[in-house]
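Next come the chains, spelled out residue by residue.
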Amino acid sequence: MKKSRIIMALAALLPLLLFVFPLWKITLEAPQYPTPLGMYIHINDFSDANPHDIKNINLMNHYVGMKYIPDAIPEFKIFPIGIIITTVIGLIIALKANHKWFLYWFIMMVLVSTAGLIDFYIWEYDYGHDLDPKAIMKFTNPDGSVMGFQPPFFGSKDILNFRAHSYPQLGAYCLALGIALGLISYFMGKKERN
Amino acid sequence: MKKLKYPIVMSLALAFIFIGCGDQRKSSNGALTSNVADRVYVAPGEHDEYYAFISGGFSGQLSVYGLPSGRLFKVIPVFSQDAEKAWGYNEETKPMLNTSHGFVPWDDSHHPDISQTNGELDGRWVFINGNNTPRIAKIDLSVFETTEIIEIPNSAGNHSSAFVTENTEYVVAGTRFSVPVPQRDMPISEYKGNFKGALTFISVNPEDGGMNIKFQLLMPGFDYDLSHPGRGNSHGWFFFSTYNTEEASTLMEVNASQNDKDFIAAVNWKKIEEYVNNGGGTMMPANYAHNVYDEETHTGTSTMKKEVLVVNPSEVPDAVYLLPTPKSPHGCDVDPTGEYIVGSGKLSADLTVHSFTKMLAAIEGKKYDGDAYGIPILKFEDVLAGTVSQPGLGPLHTEFDGKGNAYTTFFISSEVVKWKLGTWEVVDRQPCFYSVGHLMIPGGNSRKPFGKYVVAMNKITKDRYLPTGPEVTQSAQLYDISGEKMELLLDFPTVGEPHYAAGIAADIVKARSKKIFELKNNHHKYGIQSDADVRVERNGKEVHIYMSMIRSHFNPDNIEGIKVGDKVYFHVTNLEQDYDVPHGVSMIGANTSELLIMPGQTETFVWEPKQPGVWPFYCTDFCSALHQEMQGYVRVSPANSNIDLSWSLGE
Ligand SMILES: [Cu+2]
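First, a word on scope: everything that follows refers to the structure included in this document.

### Focus on the overall build of chain B
Of the regular secondary structure elements, chain B holds 7 helices and 46 strands. Computed over the C-alpha atoms, the radius of gyration of chain B is 28 Å, within 12% of the 26 Å expected from 2.2 N^0.38 for a compact globule of 651 residues. With the C-alpha coordinates aligned to their principal axes, the bounding extent of chain B is approximately 95 × 85 × 50 Å. Counting every position in chain B, which comprises 651 residues, the buried fraction comes to 58%. Counting only contacts in chain B whose residues sit at least 6 apart along the sequence, the fraction spanning at least 24 positions is 63%. In the structure as shown, chain B presents an accessible area of about 26200 Å², 54% of it carried by carbon and sulfur atoms. A distance of 5 Å separates the average location of the 55 positive side-chain charges in chain B from that of its 79 negative side-chain charges.

So, in structure tokens, the structure goes:
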């Protein structure tokens, strides 16, 4: 078997590690939380960084009128199916198809992942901006508009008394590596043919 | 280049010398001694190195301090009601203060001792005695709460306790006052020969610490003052100091101080345990309370026990011996190796130290100096290891640093004296301010003392603090004992009478500390898991409110349909699951106290409204930015009204 096919198969399989490792983590630091509050986002679940963190994030957030972080979101059903399908497609390509298809798979993965990130951003935006009008505390930006509490999409940001961090986790790196290997296998396949 | 080499070497050498000097300065007691304030200063955000559990004496409680800072962290309610924590006021803890004399919401708490495994402190539990209404309590150090109290029958003035054996097999409860056993109406003048002193051995379940009276040894009618377990070779033995071997019952200061020597009673508990396990001893009718607090139901239950196993020492030959000890000994302290038993004769000019090895040899040789009620008395000279000659006046209590030194408090001369085991020479002495009672070295009652500090507990302070009227604070003093000479570092005020203490390295306890109670493990009879369970139910004149609390509201916050003459139970569950976020609740006109409810916990109090009206309740613990808004109302209607029970939140 050609090396490029092995790499392509590996590329297709790596995203499956999303079912093992978390995709993203949001951390909230504040003086009264010596152990910061945190939540992991998995492909099919939210989870506590420490026991009861999400419950305590909800308790804090309700002061400014934010909704409770739901137990489940529709994406938890769609994303896993998406990953399984792209993996199956990737494996079929690895076994049967021309190396050009490796490139198509790579492009598809980039598009799918970008869609996922956009979806994540929209969810975050909504979560941070769709506030209860009866909120206990109301804050405005210097320009007079209502302050939003959207966590950073990527990186760190101050939100009132909290410093929020938002960074990809091992699952996301596996996905990224998988995608990158897709591109590499394309080039390897090209070379092997020449 | 070569030229430069030497100055570098030189400066390195100099640096080493300076570093070396710096280190020396720390441990020496020379003129260069650094500011003592630095050595007790624990910077903001940093933790103390040791926990000190100092009994509250007549406060009936146990207080928790940090060492070396002397900062007070918590007063753990044990035998006395405490409105701060609703201890003895809420329905869950009222059973904990039940006794055969009924509800006794006070005691005199004296001697805490920390549980051990293989002779080393394990930081699981602290045991402490109640003197007045004889009781032993167990405090669980994962939550710093009293979780068990057992009453001691046939006992009075439960003083020579609560000390634990090397693997916490037993905690003992020795009576100070001998009394008729069983209690009966008889002339006090017939004390001699008729009164008995019960030494009670309470077994401790190694899994959960559950206590159970295994047996009581019915000893002659002396006064049993203090006790200590053997360890190492002497593990299996327990030593009790006695006074009033005269068996006097009146004008004790004179009549109980006639004998030149009293005794330290040496009890081979392993032998008695074996005898009892083989069916020995006599079941005797008794009546005593055994109160257990369950962490999952958050509720205490009190059970009355009806019998106790008693053993007469003459039934088990070779199990009990008396070691003559001058004169009215108070402390009877066993060194970390288990070889030396130090008897502090309060009225003696010398300190008497017995040898365990010599004691065994004397027993082997059966060289007795008579007997007391059939218990062999060993010859003083045969068991004596040595004498610390004229070390001070009024020796009370000795602890050990694990480095071959002993430290004894002297009440009358008000000082701590350091002396050497084996050579019996006095090494150092430091004054105490004033009238020192007991002292404590963390791990002192174990095979492995942490010999860095000693805490002396003083009865009188006079000019040491700002005056607070005729009653001035009692006090503890902290000495550094890491050097050859002791050094006074700190005075710190204490709760009640700082009678006795036990200390432990903080890391051992910290690792086991609980942050919250898991709500899902809350099995309180009236607990709720979520707001969906919130309700109010009427049962005749009883009304039960199943209420929740979370930042920053009660659910329900408005209740109507209560009537004058009702007995209203507030069963309140704290739904929080965050560290250090308790809420309180109090009700106007309630005759008990507020409740202070930890995350995941349920507590109950009773309110009997006596007047119609609309009465508020509120959170008593500052819990959040909206703590002040954490409030609600109960509408109380006349007894004959027919308003339906209703409740709401946010309507
Ligand atoms: Cu509150």
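From this point, the narrative continues.
### What to know about the interface of chain B and chain A
Opposite the 13 residues of chain B that make contact, chain A presents 10 residues. Buried surface at the junction of chain B and chain A, both sides included, amounts to about 880 Å², of which 56% is carbon and sulfur. By the criterion of area lost to chain A, the three top residues of chain B are R551(B), Q577(B) and L626(B), representing 53% of everything that side buries. Applying the counting rule to chain B against chain A returns 0 salt bridges. If you look at where chain B meets chain A, you find 7 residue pairs in polar contact (both at pLDDT 80 or more).

### Structural notes on the packing of helix α4 (residues 99–129) of chain A against helix α5 (residues 170–193) of chain A
Residue and element names in this part refer to chain A. Interhelical geometry of α4 versus α5 gives an angle of 160 degrees and a closest axis separation of 8 Å. Relative to α5, α4 is oriented roughly antiparallel. For α4 against α5, the interelement crossing comes out left-handed. For the pair α4 and α5, the contacting residues are H99, K100, F102, L103, W105, F106, M109, V110 and S113 in the first and L175, G178, I179, G182, L183, S185, Y186, G189, K190 and R193 in the second. Considered class by class, the residues forming the contact of α4 with α5 number 10 nonpolar, 6 polar and 3 charged.

### Some points on the coordination of the copper ion
All names here are of chain B. Protein coordination at the copper ion comes from H583 (ND1), C619 (SG), C623 (SG) and M630 (SD), with a distance range of 2.2 to 2.5 Å. With 4 donor atoms in place around the copper ion and angles of 93 to 130 degrees between them, the coordination shape is tetrahedral. In the primary sequence, the donor residues of the copper ion line up as H-x35-C-x3-C-x6-M. Looking at C623, the relative accessible area reads 13%, which means it is buried. By relative accessible area, M630 is classed as buried at 0%.

### Observations concerning a nonpolar patch on the surface
Taken together, F19(A), V20(A), I84(A), V88(A) and I92(A) make up a surface patch of nonpolar side chains, about 440 Å² in accessible area. With respect to the helices and strands, I84(A) occurs in helix α3 (residues 75–96).

### Examining the sheet that holds strand β27 (residues 395–400) of chain B
Residue and element names in this part refer to chain B. Strand order in the open sheet made by the 4 strands is β27-β28-β29-β30, with antiparallel pairing throughout. Each edge of the sheet is formed by a strand with only one pairing partner; in this case those strands are β27 and β30 (426–431). Mean inter-strand twist for the sheet, computed between neighbouring axes without regard to direction, equals 20 degrees.

### Concerning the environment of F222(B)
Residues and elements named next belong to chain B. Its place among the elements puts F222 in the loop between β14 (211–220) and β15 (223–229). For the pair F222 and N244, spaced 22 residues apart in sequence, the C-alpha separation works out to 5.4 Å. Once residues within four sequence positions are removed from consideration, F222 is found in contact with R176, S178, Y191, T242, Y243, N244, T245, E247, F263, L322 and A372.

### Regarding the packing of helix α1 (residues 3–13) of chain A against α3(A)
Residues and elements named next belong to chain A. For the pair α1 and α3, interaxial distance at closest approach is 8 Å and the crossing angle is 175 degrees. As summarised for this structure, α1 and α3 are arranged roughly antiparallel, according to the angle between their axes. Of α3, the residues touching α1 (which contributes R5, M8, A9, A12 and L13) are T87, G90, L91, I93, A94, L95 and K96. Split into classes, the residues belonging to the contact of α1 with α3 amount to 8 nonpolar, 2 polar and 2 charged.

### Regarding the nonpolar core
Counting 48 residues, the largest nonpolar core has M39(A) and F46(A) as the members making the most contacts within it. Looking at this core, the elements with two or more residues in it are α1, β1 (24–30), β2 (33–41), α2 (53–61), α3, α4, β5 (162–168) and α5 of chain A. It is α4(A) that contributes the most residues to this core, 7 residues altogether. Within the second largest apolar cluster, 29 residues are counted, among which are F215(B), Y224(B), I375(B) and Y500(B).

### Observations concerning the packing of aromatic side chains
What describes a pair of aromatic rings is the distance from one ring centre to the other and the angle between the planes of the rings. What the rule picks out here adds up to 41 aromatic pairs over all chains. For the pair F120(A) and F153(A), a centre-to-centre distance of 5.9 Å together with 40 degrees between the ring planes defines the contact as tilted. In this pair, F120(A) is assigned in helix α4 and F153(A) in the loop between α4 and β4 (155–159), connecting sequence segments 33 residues apart. Overall, F120(A) belongs to the buried group, its relative accessible area being 12%. Here F153(A) falls in the partly exposed class, since its relative accessible area comes to 29%. One aromatic cluster is present, formed by Y170(B), F201(B), F215(B), F238(B), F240(B) and W269(B) through successive ring pairs. The ring of Y373(B) has K196(B) lying over it, and the distance from NZ or CZ to the ring centre is 6.0 Å. The ring centre of Y579(B) lies 5.2 Å from the NZ or CZ of K515(B), which sits over that ring.

Here is what the cut-offs are and how they apply
- Residues numbered from 1 in each chain as written.
- Chains lettered and ligands numbered in written order.
- Predicted model: local features only at pLDDT ≥ 70, side-chain atom pairs only at ≥ 80, totals over all residues.
- Heavy atoms only, no water.
- Helix = DSSP H or I, 4+ residues; strand = E, 2+ residues; numbered from the N terminus.
- Rg over C-alpha atoms; globule rule 2.2 N^0.38 Å.
- Buried < 20%, exposed > 50% of the residue type's maximum accessible area, 1.4 Å probe, protein only.
- Contact = heavy atoms within 4.5 Å.
- Areas by Shrake-Rupley, 256 points an atom, 1.4 Å probe, with all protein chains shown as cover.
- Lys, Arg positive; Asp, Glu negative; His and termini not counted.
- Charge placed at Lys NZ, Arg CZ, Asp CG, Glu CD.
- Buried area = accessible area lost by both parts, 1.4 Å probe.
- Salt bridge = Lys/Arg side-chain N within 4 Å of Asp/Glu carboxyl O.
- Polar contact = N/O pair within 3.5 Å; in protein donor to acceptor, adjacent residues only side chain to side chain.
- Axes fitted to C-alpha atoms, helices over the stretch in contact; angles between N-to-C directions.
- Parallel < 35°, antiparallel > 145°, perpendicular 65-115°, else oblique.
- Left-handed = near helix turned anticlockwise from the far one by under 90°.
- Nonpolar A, V, L, I, M, F, W, Y, C, P; charged D, E, K, R; others polar.
- Donors = N, O, S within 2.8 Å, 3.2 Å for Na, K, Ca; no water.
- Tetrahedral: all angles 85-135°; square planar, octahedral: opposite > 155°, others 65-115°.
- Patch = residues over 30% accessible without salt bridge, like charges linked within 9 Å, V, L, I, M, F, W, Y side chains within 5 Å.
- Pairing = 2+ DSSP bridges.
- Core = buried A, V, L, I, M, F, W, Y, C linked by side-chain atoms within 4.5 Å.
- Phe/Tyr/Trp six-rings, centres within 6.5 Å; stacked < 30°, edge-to-face > 60°.
- Lys NZ or Arg CZ within 6 Å of the ring centre and 35° of its normal.

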